[in-house]
Amino acid sequence: MKASVVLYILMMATVTYIIRVLPLTLIRKEIKNTFIKSFLYYVPYVTLAVMIFPAILNATASQWSALIGFVVAIILAYLGGSLIKVSILSCLAVFVVELFIY
């Protein structure tokens, strides 16, 4: 293994550790600011969305079918569909679109 790869891994581990330890050491009282509370509440959801969205567009044979499946999933989720219903119908939408594309 090259020394630069080891350095990159150590740097990543250090940054990850600092991000997790700093809030524990710097913030000892309860957070009362509503903006910061709402920001911290939504951070995991945003992180998950940022990691999943590129995978959605690259998971199918065509980006058009992936985009249509994504739009179907967003609409069904907005309308209050269950997780099973949203996932099955968005997969079905991708399947149908790919039937017509290829």
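Residue positions are given per chain, counting from 1 as you read along its sequence in written order. Local features are withheld for residues below a pLDDT of 70 in this predicted model, meaning they are given only at 70 or higher, and side-chain atom pairs are given and counted only at 80 or more; totals for whole chains, interfaces and linings count all residues. To obtain the side-chain values, all non-hydrogen atoms of the structure were included, while hydrogens and water were left out.

An unreviewed UniProt entry annotates the chain as Putative membrane protein of Schinkia azotoformans MEV2011.

Engineer: Mind showing me how you'd approach the environment of Ala66 here?
Structural biologist: The way it works is that DSSP assigns letters per residue, a run of H or I at least four long becomes a helix, a run of E at least two long becomes a strand, and they are numbered from the N terminus. Tracing the backbone shows Ala66 in helix α3 (residues 63-78). Partly exposed residues are those whose accessible area sits between 20% and 50% of the maximum for their type, while under 20% is buried and over 50% is exposed, using a 1.4 Å probe and protein chains only. Assessed through its relative accessible area of 4%, Ala66 is described here as buried. C-alpha of Ala66 to C-alpha of Ala3: the two residues are 63 residues apart in sequence and 40 Å apart in space. Two residues qualify as a contact provided that any one of their heavy atoms is within 4.5 Å of a heavy atom in the partner residue. With residues near it in sequence (within four places) discarded, Ala66 still touches Ile56, Leu57 and Thr60.

Engineer: Help me out: how do you make sense of the layout of surface pockets in this one?
Structural biologist: Empty space among the atoms can be located by rolling a probe the size of a water molecule over them. Two kinds of site are reported from a 1 Å grid over the protein atoms alone, namely cavities, where a 1.4 Å probe fits but cannot get out, and pockets, open sets with protein on both sides within 12 Å along at least five of seven lines, and residues are called lining when an atom falls within 4 Å of a point. Grid points are joined across faces, edges and corners, and a volume is the space filled by probe spheres set on the points. Looking at the largest pocket, its volume works out to about 480 Å³. Lining the largest pocket we find 20 residues, and of these Ile52, Ile56, Phe70, Ala73 and Val86 sit closest to its centre. Secondary structure elements with two or more residues in the lining of the largest pocket: α2 (34-58), α3 and α4 (83-101). The residue inventory of the lining of the largest pocket, partitioned by class, reads 15 nonpolar, five polar and no charged. One number sums up the size of the second largest pocket: a volume of about 160 Å³. Lining the second largest pocket are Ile19, Pro23, Ile27, Ile31, Ile36 and Leu40. Within the residue set of the lining of the second largest pocket, elements represented by two or more residues are α1 (3-26) and α2. Polar here means any residue outside two lists: the nonpolar Ala, Val, Leu, Ile, Met, Phe, Trp, Tyr, Cys and Pro, and the charged Asp, Glu, Lys and Arg; Gly therefore counts as polar. Among the residues forming the lining of the second largest pocket, the class breakdown is six nonpolar, no polar and no charged.

Engineer: Got a minute to help me understand the UniProt feature "transmembrane region" (unreviewed entry) in the chain in this structure?
Structural biologist: UniProt positions are given in the numbering used here, feature names are shortened, and annotations may be inferred rather than shown by experiment. Sequence positions flagged by UniProt for "transmembrane region" (unreviewed entry) are, in local numbering, residues 6-27, 39-61 and 67-100. Secondary structure content for residues 39-61 is 87% helix and 0% strand, while the C-alpha to C-alpha distance between its ends is 36 Å. Helix makes up 88% of residues 67-100 and strand makes up 0%, while its end C-alpha atoms are separated by 15 Å.

Engineer: Please explain the side chain of Ser62 as it appears in this structure.
Structural biologist: Within the secondary structure layout, Ser62 lies in the loop between α2 and α3. Judged by relative accessible area, Ser62 falls into the buried class, the value being 8%. A polar contact is formed between the side chain of Ser62 and the backbone nitrogen of Trp64, at a distance of 3.1 Å. Not counting residues up to four positions away in its chain, the partners in contact with Ser62 are Glu98, Ile101 and Tyr102. We define a polar contact as two N or O atoms separated by no more than 3.5 Å, with the added condition that, inside protein, one atom must be a possible hydrogen donor and the other a possible acceptor, whereas residues neighbouring each other in sequence contribute only through side-chain atom pairs.

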